[in-house]
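Architecture and fold: a report
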Amino acid sequence: MEKKLTIAATSDVHINKTEIGGDFFGQVNGRADLLLIAGDLHDGHAQHTTDFIEQIAGVRIPIALIFGNHDDNEHSLDEIKQVLKKRKSLTILEGAYAEYNIGRIRVGVAGTKGFGGGFAPNELRGNVGEQLMKDFRKEGDREVSLLQIGLNEMTRQAPDIKIAMTHYAPYKEVIEGENPEIYAFLGNSKLGDVITAAKVDLAISGHAHLSTCGLKLTPSGIKAVNVGYRVNSEKMCFFDFLADGTVQMRN
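1. Overview of the packing of aromatic side chains
Applying the stated criterion across every chain, the model contains 7 aromatic pairs. Aromatic pair F115 and F136: ring centres 4.9 Å apart, planes at 55 degrees, arrangement tilted. Of this pair, F115 sits in the loop between β6 (105-112) and α3 (131-157) while F136 sits in helix α3, placing them 21 residues apart in sequence. On the basis of relative accessible area, F115 is assigned to the buried category, the value being 16%. Between the aromatic rings of F115 and Y168, the centroid separation amounts to 5.7 Å while the plane-to-plane angle is 50 degrees, which identifies the pairing as tilted. Of this pair, F115 sits in the loop between β6 and α3 while Y168 is found in the loop between β7 (161-166) and α4 (189-198), placing the two residues 53 residues apart along the sequence. The pair formed by F115 and Y168 is uniform in burial state, with each residue classed as buried. Each residue in the set F24, F25, F52 and Y229 is aromatic and connected to the rest through ring pairs, giving one cluster.

2. Focus: the pairing of strand β11 (residues 237-242)
Most of β11 sits inside the fold, with 6 of its 6 residues counted as buried. The side-chain alternation of β11 yields two buried faces, one formed by C237, F239 and F241 and the other by F238, D240 and L242. In this sheet, strand β12 (residues 247-250) lies alongside β11 in antiparallel orientation, the contact comprising 4 bridges. Pairing of F239 across the sheet is with M249, part of β12. Hairpin connection from β11 to β12: 4 residues lie between these consecutive antiparallel strands, with G245 at a positive phi of about 95 degrees.

About the cut-offs
Residues numbered from 1 in each chain as written. Predicted model: local features only at pLDDT ≥ 70, side-chain atom pairs only at ≥ 80, totals over all residues. Heavy atoms only, no water. Phe/Tyr/Trp six-rings, centres within 6.5 Å; stacked < 30°, edge-to-face > 60°. Helix = DSSP H or I, 4+ residues; strand = E, 2+ residues; numbered from the N terminus. Buried < 20%, exposed > 50% of the residue type's maximum accessible area, 1.4 Å probe, protein only. Pairing = 2+ DSSP bridges.

Read these as geometric descriptors, not functional statements.
The following block contains the structure:
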């Protein structure tokens, strides 16, 4: 089957405490048309961001990324953004939509960090209890709303290939292998609800380091995957989009 294009993806590289080979990011050149990074670049120091820029210096294809829970660990996200914006071919998605023309194919990506909250029918519900729990649920809803903004723009633009990218998991299938007792802190099925409604071709996420690798088909028919560095045995993920509408994953 003829291949239309290839997208590379990873997340949770945590470059300040992970020894990543010099060719990890550079290997996408000649093998992929677009690189997606689903958060947790590092632990939130501005110097870490400079180190990250050096890691991706040899990448010659466009890059789109979102932040993860670790990236704002030092509350310096504004400074981190300014460093990243020096890389002209890099796009930061925070409830935003980006589109790439690859040959005659239009690829749309909507992304945001996301947040916890759990998965139906066991998700956090209601507006009762102490304020901390209300705030936790409200933050999850805020991130869902941010993602919805990007997905709405994707629907309006109607690209040929539609991808949703979150750090927290939108479907519990991509965190299977983790302890179910912490599912509420690993993802939020409300993210999955809006992704499903947008009928994307692929949902990319990370965050859960102990889940199983590989493409998952959710009950709603969405192809979803955890592209985490550790989950995928420290290998880059590649996704081939074929002419018949199927997606194949390889490392």
